[in-house]
Amino acid sequence: MKRIRFMLILFTAVLFWCAGCANWFNQQFGLITSEVSNFSVKMMGQKAVMLSWDPVEGIDGYNIYLKENKTGREACYFPLYHGTSYCIPKGENYSFAVSIVKGDKENRIDFVTP
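Residues numbered from 1 in each chain as written. Predicted model: local features only at pLDDT ≥ 70, side-chain atom pairs only at ≥ 80, totals over all residues. Heavy atoms only, no water.

Looking at the pairing of strand β6 (residues 94–102)
For β6, the buried fraction is high: seven of the nine residues fall into the buried class. Note that strand β3 (residues 61–68) and β6 share eight bridges and pair antiparallel. Paired with Gly61 across the bridge in β6 is Val101. Hairpin remark: β6 followed by strand β7 (residues 105–108), antiparallel, with two residues in the connecting loop; positive phi at Gly103, about 65°. (Buried < 20%, exposed > 50% of the residue type's maximum accessible area, 1.4 Å probe, protein only. Helix = DSSP H or I, 4+ residues; strand = E, 2+ residues; numbered from the N terminus. Pairing = 2+ DSSP bridges.)

Quick word on the sheet that holds strand β5 (residues 85–89)
Strand pairing in a sheet is mediated by backbone hydrogen bonds. Such pairs are either parallel or antiparallel. The strand order across the open sheet built from three strands is β1-β2-β5, with neighbouring strands paired in antiparallel fashion. The two strands at the open ends of the sheet, each matched to only one other strand, are β1 (40–44) and β5. Strand after strand, the sheet turns through a mean of 25° between neighbouring axes, direction not considered. Strand direction decides the pairing type here: strand β2 (residues 48–52) and β5, joined by five bridges, are antiparallel. Directly across from Met50, in β5, lies its bridge partner Cys87. (Axes fitted to C-alpha atoms, helices over the stretch in contact; angles between N-to-C directions.)

Comments concerning the pattern of salt bridges
Enumeration over the complete set of coordinates arrives at two salt bridges. For the salt bridge of Lys105 with Asp104, the shortest nitrogen-to-oxygen distance reads 3.5 Å. Exposure remark for Asp104: the relative accessible area of 70% places this residue in the exposed category. (Salt bridge = Lys/Arg side-chain N within 4 Å of Asp/Glu carboxyl O.)

Re the packing of aromatic side chains
With the rule as written, the count across this model stands at seven aromatic pairs. Aromatic side chains Phe78 and Tyr81 sit 5.0 Å apart centroid to centroid with 75° between the ring planes, which places their arrangement in the edge-to-face category. Residue classification places Phe78 among the partly exposed residues on the basis of a relative accessible area of 29%. Relative accessible area serves as the criterion here: at 16%, Tyr81 is assigned to the buried category. Taken together, the ring pairs connect Phe39, Trp53, Tyr62, Tyr77, Phe78, Tyr81 and Tyr86 into an aromatic cluster. (Phe/Tyr/Trp six-rings, centres within 6.5 Å; stacked < 30°, edge-to-face > 60°.)

Some remarks on the nonpolar core
In terms of nonpolar packing, the biggest core is built from 17 residues, with Val36, Phe39, Leu51, Trp53, Ile64 and Phe96 touching the most fellow members. Of all the secondary-structure elements, those providing two or more residues to this core are β2, β3, β5 and β6. If we skip the residues at most four places from it in the chain, Trp53 touches Val36, Ser37, Asn38, Phe39, Tyr62, Ile64, Tyr81, Gly83, Thr84, Ser85, Tyr86 and Val98. (Core = buried A, V, L, I, M, F, W, Y, C linked by side-chain atoms within 4.5 Å. Contact = heavy atoms within 4.5 Å.)

Some details on unusual backbone geometry
Even without being glycine, Asn38 reaches a positive phi, approximately 55°. Relative to the helices and strands, Asn38 is located in the loop between α1 (2–29) and β1. In this structure, Leu80 takes a positive phi of about 50° despite not being glycine. Within the element layout of this structure, Leu80 appears in strand β4 (residues 74–81).

Brief notes about the environment of Pro114
Mapped onto the fold, Pro114 is located in the segment after β7. Residues within four places of Pro114 in sequence aside, it is in contact with Val41, Met43, Val49, Tyr94 and Phe96.

Written out as structure tokens, the structure is:
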């Protein structure tokens, strides 16, 4: 019984230590562990699409991406945007994505089609 209790305490200590190491590693090397959350794409009448998402603290900005669904061609529509919503003129069959930018690192979510 003492051996099981000891192993459980040791296992818990190692888990907490690993979590601390991961945070230190991410801070040292500038890795982005956050993601854009609550990303939505809504039609604004017949002429525009509204993109919106929750803010993320401690980043440099967001990149807004546009993808033409027919060809699969992607382009960064608006680099280093600082807001949490953006209205884009409606195009023919497009999908949209937003990424978090911190320094030279980027974390992008999947494309969403309105």
